[in-house]
Amino acid sequence: MRVIITKDYTDMSLWAANYVAQRIIDANPTPERPFVLGCPTGSSPKGLYRHLIELNKKGVISFQNVVTFNMDEYVGLDVNHPESYHSFMWTNFFNHIDIKKENVHILDGNAPDLLAECAHYEEMIAQVGGIDLFMGGIGPDGHIAFNEPGSSLSSRTRIKTLTTNTIQANCRFFDGDVTKVPKQALTVGVGTVMDAQEVMIMCNGPAKARALRHMIEEGVSHMWTASMLQMHRHGIVVCDEEACEELKISTYNYFKDKQQLEGVLNDYLHRFE
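Residues numbered from 1 in each chain as written. Predicted model: local features only at pLDDT ≥ 70, side-chain atom pairs only at ≥ 80, totals over all residues. Heavy atoms only, no water.

Remarks on the overall build of the protein
When helices and strands are counted, the protein shows 9 helices and 10 strands. A compact globule built from 273 residues would reach a C-alpha radius of gyration of about 19 Å, and the protein, at 18 Å, matches this within 12%. Judged by the C-alpha coordinates and their principal axes, the protein covers about 55 × 40 × 35 Å. Across the 273 residues of the protein, 56% fall into the buried class. Look at the contacts in the protein between residues 6 or more apart in sequence, and 79% of them connect residues 24 or more apart. Looking at the protein as shown, the accessible area adds up to about 11800 Å², and 51% of this sits on carbon and sulfur atoms. Distance from the positive charge centre (24 side chains) to the negative charge centre (34 side chains) of the protein: 2 Å. (Helix = DSSP H or I, 4+ residues; strand = E, 2+ residues; numbered from the N terminus. Rg over C-alpha atoms; globule rule 2.2 N^0.38 Å. Buried < 20%, exposed > 50% of the residue type's maximum accessible area, 1.4 Å probe, protein only. Contact = heavy atoms within 4.5 Å. Areas by Shrake-Rupley, 256 points an atom, 1.4 Å probe, with all protein chains shown as cover. Lys, Arg positive; Asp, Glu negative; His and termini not counted. Charge placed at Lys NZ, Arg CZ, Asp CG, Glu CD.)

Okay, structure coming up:
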């Protein structure tokens, strides 16, 4: 596992965006062999998306030959609802870049057969050759996508009933009313994420400090599903200083020294200046 420690949320977002952009450039995608990007929602990736939009507008990168698969979507929420993940992605990212609409894939939480929708999603990922880079955030309880504590580490795309903690955490997006928050979601599985060639998890703020400690320092556990990243052949955690509050000093110093020796932090922070 590679851990990149940045000063703050701004630097975390910039580093992550520049890294993703360089991966797309290096892949030199074509219509026949597109670059396949896994996309998250939530507060963590908003800065990343803003920087990618800026790089696209500057002509640094193009999304013409990029195919995306989102991590999750609520069940029963209209796609035009402002809190649907369809709305989030088009408002915060897709409407501002040159991606082709047919290359965007987001789970349909209103499909007549939700099980078939989940199976079809896995099939579509396989048909394009798998995901090249899966971006993601992490919840305070260590979940990725809606793979909450207790989820199988080999799980695939499926229907998931949300925990009380997740519903309460998300009610801030629904006028603070927990009764308005959907109780189920469709989500890619831990196994789906782990199948990607590369996984990059963003983690910022003191509220994520406990989750970061479990993901990096503790053993792999289905109670902290993001800890599975320890087993990935190419896993990256990009975090800020505040998220490192619960790490052991030796752990913190190890990764800081490593990135300083490799020059990896400044490299991607300033890559497209």
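Focus on the packing of helix α1 (residues 9–27) against helix α2 (residues 46–57)
Running from N to C, α1 and α2 point in directions that differ by 50°, and their axes come no closer than 8 Å. One way to sum up the angle between α1 and α2 is to call them oblique. Two packed elements cross with a definite hand, and for α1 against α2 that hand is right-handed. Contacts between α1 and α2 involve Tyr-9, Thr-10, Ser-13, Leu-14, Ala-16, Ala-17, Asn-18, Val-20 and Ala-21 from the former and Lys-46, Gly-47, Leu-48, Arg-50, His-51, Leu-52 and Leu-55 from the latter. (Axes fitted to C-alpha atoms, helices over the stretch in contact; angles between N-to-C directions. Parallel < 35°, antiparallel > 145°, perpendicular 65-115°, else oblique. Left-handed = near helix turned anticlockwise from the far one by under 90°.)

With respect to the sheet that holds strand β10 (residues 235–240)
Consider a sheet: its strands pair through backbone hydrogen bonds, and that pairing is either parallel or antiparallel. Spatial strand order, β1-β10-β9-β6-β2-β3-β5: 7 strands in an open sheet with parallel pairing. Strands at the two margins of the open sheet, each flanked by one partner only, are β1 (2–6) and β5 (104–105). Direction of pairing for strand β9 (residues 198–203) relative to β10: parallel, over a ladder of 5 bridges. Opposite Val-199, over in β10, you have Gly-235 as the bridge partner. (Pairing = 2+ DSSP bridges.)

Section: the nonpolar core
Formed by 39 residues in total, the largest nonpolar core has its most connected members in Phe-69, Phe-134, Leu-212, Met-215 and Cys-239. Among the secondary structure elements, those contributing two or more residues to this core are β1, β3 (66–70), α4 (114–127), β9, α7 (209–216) and β10. In terms of residue count, the dominant contributor to this core is α4 (5 residues). Beyond its immediate stretch of four places on either side in the chain, Phe-134 contacts Gly-38, Cys-39, Phe-69, Met-71, Val-188, Thr-192, Val-193, Ala-196, Glu-198, Val-199 and Met-200. Ile-4, Ala-16, Met-89 and Ile-99 belong to the second-largest nonpolar core, a separate cluster that totals 38 residues. (Core = buried A, V, L, I, M, F, W, Y, C linked by side-chain atoms within 4.5 Å.)

A closer look at the packing of aromatic side chains
Under the counting rule described, the total for this entry stands at 13 aromatic pairs. Arranged with centres 5.9 Å apart and planes meeting at 45°, the rings of Tyr-74 and Phe-146 form a pair that is tilted. You can see Tyr-74 sitting in strand β4 (residues 72–74) and its partner Phe-146 sitting in the loop between β6 (133–136) and β7 (158–161), a full 72 residues away along the chain. With respect to burial, Tyr-74 and Phe-146 carry one shared label: buried. Within the aromatic cluster, the residues linked to one another by ring pairs are Tyr-49, Phe-63, Trp-90, Phe-93 and Phe-94. (Phe/Tyr/Trp six-rings, centres within 6.5 Å; stacked < 30°, edge-to-face > 60°.)

As for the sheet that holds β7
Strand order in this open sheet of 3 strands is β4-β8-β7, and the pairing throughout is antiparallel. The open sheet terminates on both sides in strands that have one partner only, identified here as β4 and β7. Pairs of neighbouring strands in the sheet enclose a mean axial angle of 30°, with direction left out of account. Those strands touched by α4 are β7 and β8 (184–187), and its axis lies near 125° from that of β7.

Quick notes on the environment of Lys-248
Relative to the helices and strands, Lys-248 resides in the loop between β10 and α8 (249–262). Exposure remark for Lys-248: the relative accessible area of 54% places this residue in the exposed category.

Read these as layout, nothing more, since geometry by itself doesn't imply function.
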